[in-house]
Amino acid sequence: TGEPAGEGPASSAAGTAVTGTLTGIGSSAQNSAMEAWKTGFESANEGAMVQYSPDGSGAGRKAFLSGGAQFAGSDAYLDDDEMTQAKEVCGPDGAINIPVYISPIAIAFNLEGVTELNLDAPTIAKIFTKEITTWNDPAIASQNEGVELPDTPITVVHRSDDSGTTENFVEYLSAAAPEDWTYEVDGAWPADLQSENAKGTSGVVQTVTSTDGAITYADASAVGDLGKAKVKVGEEYTEISSDAAAKAVEVATPVEGRSASDMSLELQRDTTESGAYPVVLVSYHVFCTSYDSQETVDLVKAFGTYVVSEAGQAEAEASAGSAPLSPTLSEKATTAIESIEVGS
Amino acid sequence: METGRDRPPFTAGTSSDVPSSARTPGRHCIRNDRLEGKDVSTNSLKEPTDRGRAGDKIFSGVSLAAGVLILAVLFSVAVFLLVQAAPTFTADPTEITGGEGFAAYIVPIIIGTVIAATIALVIATPIAIAVALFISHYAPRRLARAFGYVIDLLAAIPSVIYGAWGYIVLAPQLATVYAWLAENLGWIPIFTGPASQTGKTMLTVGIVLAVMVIPIITSLSREIFLQTPSLHEEAALAMGATRWEMVRMAVLPFARPGIISATMLGLGRALGETMAVALVLSPGALVASLVKTGNQTIAAEIALNFPEAFGLRLNELIAAGLVLFVITLIVNMIARFIITRHKEFSGAN
Amino acid sequence: MAANQTLQRRQSQLTRGRLPSYAVWVVLAASVVLGAALSALIGFSVVGWAVITAVVFVVTATIVTAVGEGERRAKDRLVTFLVYGAFLLALLPLVSVLWTVLERGIPGLSYNFLFTSMNGVTGAVDNASVENGTPVLGGAYHAVIGTLLITFWATLISVPIGLLTAVYLVEYGQGNRLARAITFFVDVMTGIPSIVAGLFAAALFALLFGPGTRTGFVAAVALSVLMIPVVVRSTEEMLKIVPNELREAAYALGVRKWRTITRVVIPTAISGIASGVTLSIARVIGETAPILVTAGFASSINWNVFSGWMGTLPTFIYYQILTPTSPTAPDPSTQRAWAAALLLILMVMLLNLGARLIASMFAPKTSR
Amino acid sequence: MSNRIDVKDLNVYYSKFLAVEDVTINIDARSVTAFIGPSGCGKSTFLRTLNRMHEVIPGARVEGEVLLDGDNLYDSAVDPVTVRGRIGMVFQRPNPFPTMSIRDNVLAGVKLNDKRISKSDADALVEKSLRGANLWNEVKDRLARPGSGLSGGQQQRLCIARAIAVSPQVILMDEPCSALDPISTLAIEDLINELKAQYTVVIVTHNMQQAARVSDKTAFFNIAGTGKPGKLIEYDETTTIFNNPSVKATEDYVSGRFG
Amino acid sequence: MSNRIDVKDLNVYYSKFLAVEDVTINIDARSVTAFIGPSGCGKSTFLRTLNRMHEVIPGARVEGEVLLDGDNLYDSAVDPVTVRGRIGMVFQRPNPFPTMSIRDNVLAGVKLNDKRISKSDADALVEKSLRGANLWNEVKDRLARPGSGLSGGQQQRLCIARAIAVSPQVILMDEPCSALDPISTLAIEDLINELKAQYTVVIVTHNMQQAARVSDKTAFFNIAGTGKPGKLIEYDETTTIFNNPSVKATEDYVSGRFG
Ligand SMILES: Nc1ncnc2c1ncn2[C@@H]1O[C@H](COP(=O)(O)OP(=O)(O)OP(=O)(O)O)[C@@H](O)[C@H]1O
Ligand SMILES: Nc1ncnc2c1ncn2[C@@H]1O[C@H](COP(=O)(O)OP(=O)(O)OP(=O)(O)O)[C@@H](O)[C@H]1O
Ligand SMILES: [Mg+2]
Ligand SMILES: [Mg+2]
Ligand SMILES: O=P([O-])([O-])[O-]
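A short tour of the structure in this document, coming up. In this text the structure is predicted, and so the values were computed from the model without any measurement. (Residues numbered from 1 in each chain as written. Chains lettered and ligands numbered in written order. Predicted model: local features only at pLDDT ≥ 70, side-chain atom pairs only at ≥ 80, totals over all residues. Heavy atoms only, no water.)

This part covers the interface of chain D and chain C. In this complex, chain D contributes 20 residues to the contact, which on the side of chain C involves 15 residues. Across the interface of chain D and chain C, roughly 1500 Å² is buried in total on both sides, 45% from carbon and sulfur atoms. Its largest share of buried area at the contact with chain C, chain D owes to D:Asp71, D:Asp79 and D:Arg86, together 28% of the area lost on that side. Between chain D and chain C we count two salt bridges in total. Between the two partners, chain D and chain C, sit four residue pairs in polar contact (both at pLDDT 80 or more). At the level of elements, strand 5 (71–72), helix 2 (80–86) and helix 3 (102–113) of chain D are the ones that each hand at least two residues to the side of chain D that touches chain C. The greatest single-element share of the side of chain D that touches chain C, amounting to four residues, is contributed by helix 2 of chain D. (Contact = heavy atoms within 4.5 Å. Buried area = accessible area lost by both parts, 1.4 Å probe. Salt bridge = Lys/Arg side-chain N within 4 Å of Asp/Glu carboxyl O. Polar contact = N/O pair within 3.5 Å; in protein donor to acceptor, adjacent residues only side chain to side chain. Helix = DSSP H or I, 4+ residues; strand = E, 2+ residues; numbered from the N terminus.)

Structure follows, in structure tokens:
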């Protein structure tokens, strides 16, 4: 299954070496992976350079749409409005969204003596809405027989900044526990649910680590030694892992009304697929379908295909702890990127 | 003036060798220059003596230009803010974050901003002035320089580091203090519990900001204290004033406008600080208690939401920036008013 | 008479109503003991002990002085205590911050850190160094270069503009309408949040040179917006307190105004001006937000402020802390961040020294 | 309390520079003593050691003793503040507080010791002091204006008024009349004559006639050469100093009667 | 060039306050003119209008004409710097530059104007000026030290040296000898006598003897009362003023010969 995926990057990396500087702006979640991709790509292409500023997905999309960046890194695909706007900078065919970075979001907690808990979506929602306030609440205890639960109060810690992680987590809650989570899906934590919070993934992790009884949601790679919840999918509790995350992306459906080369994905958060971990963040690279010079096109293609290639994904996994794209997705992404051409 | 070199200077000892001015070649030269000038008949003082006058014009022109440039920059910043903020004011109230219009969104964080800056200044100003006095008038002379230098360093620590220090080192320490306060002094509205477990509250922010502001106020005040004319210090001491009375009589009145300026600079920093607040505060809705989680400042609100902001949200954040601009404006108007009221008694001269 | 005096050893009129010099020490000793006792009552801690001792000491010493030496001396003594106390209090966070930075920063401050960039350093590299216990790779060279260049350009823009504006305000404007307007807007400028300054510079350059113009120079412009008010205000205050006598002395010698300003007024105020300039540099050298939106974020070396992105120490610190190079093994990143913070402080220290050196070359040759 | 001053073997330094060497002098209570001597010989410096104002200058110090009624001013237990409260001073250069009004300048010293002075007492004191310094008529209509808008001579008289307002036991005056016109000078000399009934007055002057007119005793200081310390050459009854001094240098100096 | 000064109907204001009213006076070239009068009558103020130093004070202004050799100083096209370069000034309060050494203070007029001068010329000028001000011997070994560490009289002489170093055509001196001892005073008076051979000198003094000794003509200013403007009462040959003045006020003032 690996052959087709390996072909794309091999041909572009080994073929005519590309040159120039490629500028991207966007998601900070991708930052670590991006460092790895940059390094890998630049060592294969002497004269090429990639610069990436992790300003945030929104800033990245805005810069991309105003022509300030050649590609954007975004935790969400462009919505329909933005797709229309993209035609101004990218030509009539607009932009394409390519998933490049998959990362499971851990529900992480700091509870003396407990490293693993089973939680279903409604319970998670109730914890985060502060309906459940202590760790020995029956709703938690009933799912965790044999675990010694203290009566420590639960301190919810959420992100203070607008973030893709929040958006994906909340999307999961509202899809999988619609009765208990009635808030709008947004990158900002609902204002009504005021609680302890901190800036950035490292901020929430730091705060939880230093506060007994605290719980948060954060990129799995960053939670370190904190306890992680197993999430109930179907009838089983699924442990967080790269494979489980990849599987959740695998079962996602393409967004309707998009061109064939666009790969925007609609994740099934309420999936019952066994072994899938639906609390997952998919981050995209947004490219134009056409650029105005051959050099840029070559550069974009070479970089894009490298990122989605098996080698690129492996680099990211090694550096950032992300889940690699499945071979099918990788192949599809390569084809999509290869379709980028010089515009008029 | 131009004759300064040509004419032999007066002679102190022997007056015999003073040549009469008409015979001096140097003076002849100048005479001729004058006669060849444009308007021989009129005022000889009018002729330009040297290129210096141009120098004066250029220098004052350049200074003026610098001032005008600042005005221009400020004007463009204001225009930039206004243009970018405009959509917020015309937007449908339900579109605005919070869904109740811009006023409902901004007022709590205006109050938060003012609270944070107030705490910071209330703590920082007396300490900073005292530290400046310590360096200028109390510490042993030799040590004073070193101390001043060390305090100045505080200004150089990046806000990120203050932020990191604030939430890693300071907040956990304060959390226990807050718990105690909430328990024992909870009846005072600002100490109402339950206290934050993490200590990342408005009071912590105020303290961190105070630490950041102290070097600014100290450094400027110190320089001014040091310039107090010794004539006036001696006048006070000779009357039998104690050191404090001397400071109160001679130093503080002399430095008053400077202290106000320094405080205003500090206030600017406290109002506009983004990163440290963003890292230290655990923001939330407006609450009176300073030991509880909650409250938010404008600058931090912008910093936290800017990266992901898009469309109207972006306009909103910039409108928030505009509001901060206006707050600064008002506060400074008040400060200026206080300074000018006492202008007649200012120390210069 | 002298003999008489030595025989009687009567008390000097001049020391009457004075407490013996050891009185303060006695009070201090008593306060320490009392402080220990009281803090033991409410649960002993060193901090509690120190605080209670300090309060008890200040209060008692003031009262004892008031009784023994009168109200004026008591007040003088109280203020002295407060001034020393405030200094110690201000020193506390300073020591704490510096200690935090030193403790966490020194381990990372190696030759390698100083003279390599982050180019080619990936999460995998960090993971390896944590697993094998090998030294942390990657450094802040690029960020040091970026910080120096951007700060240099910002200073180059702000100091002349700020200084000249202050000169205009004090020497030429003298309260006319324009001067009042400038003063007023400079005041307002002090409160511009740094991110807004960054956005403004970015928008300005986008307008002039097309979208996405991010260079070190754009960042320098953004920082100038933050620096200028500090320079103007501190310089203005320092120029104002130069005695008019000196200006008059120069004018009476037939010295032109601009020479009087540059050769007499400014040198007289130079030490304060230098302090203000250093302060303004310190104020912006640690800025993160405006740099990100103007100079981008680079992990390799760039010497050209007019093209290409540039990294700086604060942005380096910021991302090393907030998005570690390897999320699974953040320690190397944290270590680099603190080392970079230490480096930044050291740089400002050197700068400070330099400014003082320059200032002392011009400073008034008074006996002060 | 008689307010006599006895100086024993006093050396006065500016850091390492010995400015005044080995002065021993006994200044009688309730008398006027004049210090005369060429510029730079250390008159001001020595005068300032008499109320411990010298040590205010960084690096400045003294060796020796200055006794006020037998009590050493430089005893380690003595607070200079006490000394200066009893021994007032008028400086060579007028130094009114620029941030205070004329009235507050006069009251500055008084308010230190007596904060709750009633308005009428204060008014009376201001008038009395300003009259004493012959300034009342010129400033009575602008007591609330800053003291810095006055002419040179007016400023100097304001400083005199400020010094006498606190009625110190001893008053040191460093060339108090140098900026004054004859009328004001006369007024100040009258004032000195009045003060002498109760207080001890020491005055530095370059004006021989003035020294001759107002002082009971005169001290002549001289300096051997540049970089050398100033010394007390002769100290005696004013009439003796001016009519038959025992030292040649004194005679040389006072006989060139200019000033 | 003869350097005579003619003042016509001059009114001098501090903002709204008329400090000196309606002065008309003709000052001869190459002569010494003394201004005398009670403190606060506007001598300093008037003197400062003669080289346009008055207008340096915010709000200060004049009405009328001051002619230097027939050219109006206050003509709108006249650069005050030109005026001040030709008409030098010594202030009532000594004001050496604190940032400069003694040597640089003397050379200030030359150096601040960026005139090129060779080291040997500069040395000669410094020595000459300091000798002229009778200060050379006292400071020759410490020319590189700051000017602020000098005694009051030394500072004043330093300022005189600084003013004469630029050899202005007219020299205005505001009580130059008030802080000086008789020896220095004599030296300055000698200097004035020498200067008069080439330059015009105007001197403000409270010292009647000095006025009588050095001046050719004397102007007596007086003030009618507080808040009133100062006026020129009488102006005549010095001998006339001192021996048979035509105005009663003048006689009253000069007959009380103190100073
Ligand atoms: N602050 C100072 N630092 C160093 N030396 C000083 C200082 N003040 C004065 N001197 C020197 O000490 C000596 C005596 O000065 P002092 O002021 O006592 O003279 P004086 O007799 O008062 O002269 P004058 O009559 O001119 O006021 C002089 O040589 C002077 O230069
Ligand atoms: N800067 C000023 N602002 C307002 N009024 C002033 C100012 N300087 C002086 N005056 C007033 O102007 C009048 C004349 O002052 P001036 O200094 O000319 O007096 P003078 O004759 O030189 O006196 P003296 O002999 O005391 O120096 C005085 O009433 C004085 O109070
Ligand atoms: Mg003296
Ligand atoms: Mg005068
Ligand atoms: O990657 P984030 O958007 O959650 O910071």
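Note: interface size is frequently given as the accessible area lost on complex formation between the parts. In this complex, chain C contributes 92 residues to the contact, which on the side of chain B involves 97 residues. Counting the surface lost from both chain C and chain B, the interface buries some 8500 Å², and carbon and sulfur atoms represent 73% of this. Scanning the region where chain C abuts chain B turns up two salt bridges. For C:Arg256, the salt bridge identified is with B:Asp56, shortest N-O distance 3.7 Å. The greatest single-element share of the side of chain C that touches chain B, amounting to 20 residues, is contributed by helix 4 (residues 71–105) of chain C.

Those donors, E:Ser44 (OG) and E:Gln92 (OE1), are the protein atoms that reach the magnesium ion (ligand 4), and they lie 1.9 to 2.3 Å from it. With E:Ser44 in helix 1 (residues 43–49) and E:Gln92 in the loop between strand 6 (87–90) and helix 3 (102–111), this pair connects stretches of sequence that are 48 residues apart. (Donors = N, O, S within 2.8 Å, 3.2 Å for Na, K, Ca; no water.)

In a beta sheet, neighbouring strands are held together by backbone hydrogen bonds and run either parallel or antiparallel to one another. Residues and elements named next belong to chain E. The sheet built from ten strands is open, its strands ordered 5-4-1-2-10-9-3-8-7-6 with mixed pairing. Pairing within the sheet leaves two strands with one partner each, and these edge strands are strand 5 (71–72) and strand 6. Looking at chain direction, strand 9 (residues 217–223) and strand 10 (residues 230–237) are connected through seven bridges and run antiparallel. Following the sheet pairing, Lys217 is matched in strand 10 by Glu237. The sheet strands contacting helix 7 (residues 182–195) are strand 3 (32–36), strand 7 (170–174) and strand 8 (200–204), and the helix crosses strand 8 at an angle near 145°. Docked against the sheet, helix 10 (residues 248–255) engages strand 3, strand 9 and strand 10, running at close to 100° with respect to strand 9. (Pairing = 2+ DSSP bridges. Axes fitted to C-alpha atoms, helices over the stretch in contact; angles between N-to-C directions.)

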